[in-house]
Amino acid sequence: MQGLGSAATYIGALLYMMKCARESGLPETEQTHGMVSSLWVVADCVGGVVGSAAGGVAFDTIGFEW
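**Description of helix H1 (residues 2-23)**
For step 1, the next point in the chain: Spanning 22 residues, H1 covers 31 Å between terminal C-alpha atoms, matching the ideal 32 Å at 1.5 Å per step.
For step 2, the next point in the chain: Taken residue by residue, H1 has Leu 14, Met 18 and Ala 21 as its buried positions. The arc that holds every buried residue of H1, seen down its axis, measures 60°, which confines them to one face. Opposite the packed face of H1, turned more than 90 degrees from it, sit the exposed residues Gln 2, Leu 4, Ala 8, Thr 9, Tyr 16 and Glu 23.
For step 3, the next point in the chain: Elements that come into contact with the buried residues of H1 comprise helix H2 (30-62).
For step 4, the next point in the chain: Once H1 ends, the next one or two residues include Gly 25, with phi positive near 100°.

Below, the structure is given as structure tokens:
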């Protein structure tokens with residue numbers, strides 16, 4: 001279930017970013033698709049790093065019991 005939810009979220013976000021790129025007037029080229037996809041992957045990876053780091057800091061400061 002978690003995998004299906006993640007896949008739906010990822011695909012939905014990527015398609016929405018592609019739609020926004022089209023609506024903003026960017027050309028429909030492979031370069032545009034590659035740049036949007038790259039930005040999406042970088043944002044996903046940064047979110048994973050920041051989320052893990054923030055979770056570790058929260059665990060160290062607040063603790064699991066809270």
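**What to know about the nonpolar core**
For step 1, the next point in the chain: Counting 5 residues, the largest nonpolar core is built from Leu 14, Met 18, Ala 21, Val 36 and Trp 40.
For step 2, the next point in the chain: The set of elements that each furnish at least two residues to this core consists of H1 and H2.
For step 3, the next point in the chain: If you tally residues by element for this core, the top one is H1, at 3 residues.
For step 4, the next point in the chain: Beyond its immediate sequence surroundings of up to four residues, Met 18 is in contact with His 33, Val 36 and Ser 37.

What counts and what doesn't
Residues numbered from 1 in each chain as written. Predicted model: local features only at pLDDT ≥ 70, side-chain atom pairs only at ≥ 80, totals over all residues. Heavy atoms only, no water. Helix = DSSP H or I, 4+ residues; strand = E, 2+ residues; numbered from the N terminus. Expected span 1.5 Å × (residues − 1). Buried < 20%, exposed > 50% of the residue type's maximum accessible area, 1.4 Å probe, protein only. Arc of directions from axis to C-beta. Contact = heavy atoms within 4.5 Å. Core = buried A, V, L, I, M, F, W, Y, C linked by side-chain atoms within 4.5 Å.

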